Structures are given as structure tokens and as C-alpha cells.
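Okay, here's what each chain looks like letter by letter:
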Amino acid sequence: MMHTLTQFYHSLVSAGNHKKVALTACMRKMVTILNAMVWDDCLWQEA
């Protein structure tokens, strides 16, 4: 999961977003992914 979020973070920063904004977006994305994993009762699978 960290590789996916790292790529997402760097893409946001390179698009011109502030680092705190990018970090907050990553946290929100992680919470959404983890919530879906709990809801579906599945493990993380790197795509």
C-alpha cells in the first residue's frame, strides 16, 4: 500500500499541490481503502 500512496503523493506534489494538502489527500485515500477492505473482509493486493 505504501508504494501506491507514495506514487499518489509525488504525483500531487509534482502537480503543484502543497505538501500538507498532498499528505491529507493520501490520508483520506488510505482511510477509504482500509474502510473498503474491512467492509469487504479482504486483504490488500497490490495491483
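All figures in this text were calculated on a predicted structure; none of them were measured in a lab.

(A) Structural view of unusual backbone geometry. A positive phi angle, close to 55°, is found at Asp41, a residue other than glycine. Within the secondary structure, Asp41 sits in the segment after helix 2 (19-40).

(B) Representation of the packing of helix 1 (residues 2-14) against helix 2 in the model. Where helix 1 meets helix 2, the axes come as close as 9 Å, and the angle between the chain directions of the two elements is 145°. In this structure, helix 1 crosses over helix 2, and the sense of that crossing is right-handed. Contact with helix 1, carried on its side by Leu5, Phe8, Tyr9, Leu12 and Val13, involves Lys19, Ala22, Leu23, Ala25, Cys26, Lys29 and Met30 of helix 2 and no other residues of that element. Looking at the contact of helix 1 with helix 2, its residues break down into 10 nonpolar, no polar and two charged.

Thresholds applied
- All residue numbers refer to position in the chain's written sequence, counted from 1.
- Whole-chain, interface and lining totals are the exception, using all residues; otherwise, since this is a predicted model, local features are given only for residues with pLDDT of at least 70 and side-chain atom pairs are given and counted only at 80 or more.
- Think of the side-chain values as coming from all heavy atoms in the structure, minus any hydrogens and water.
- Secondary structure counts use DSSP, requiring at least four H or I residues in a row for a helix and at least two E residues in a row for a strand, with both numbered from the N terminus.
- To get an axis, fit a line to the C-alpha atoms, keeping to the stretch in contact for a helix; angles then go from 0 to 180 degrees between the N-to-C directions.
- Helix crossings fall into two classes, left-handed where the near helix is turned counterclockwise from the far one by less than a right angle and right-handed where it is turned clockwise.
- Residue contacts follow a heavy-atom distance rule, with two residues in contact if any of their heavy atoms lie within 4.5 Å.
- Note on residue categories: nonpolar means Ala, Val, Leu, Ile, Met, Phe, Trp, Tyr, Cys or Pro, charged means Asp, Glu, Lys or Arg, and polar means any other residue, Gly included.

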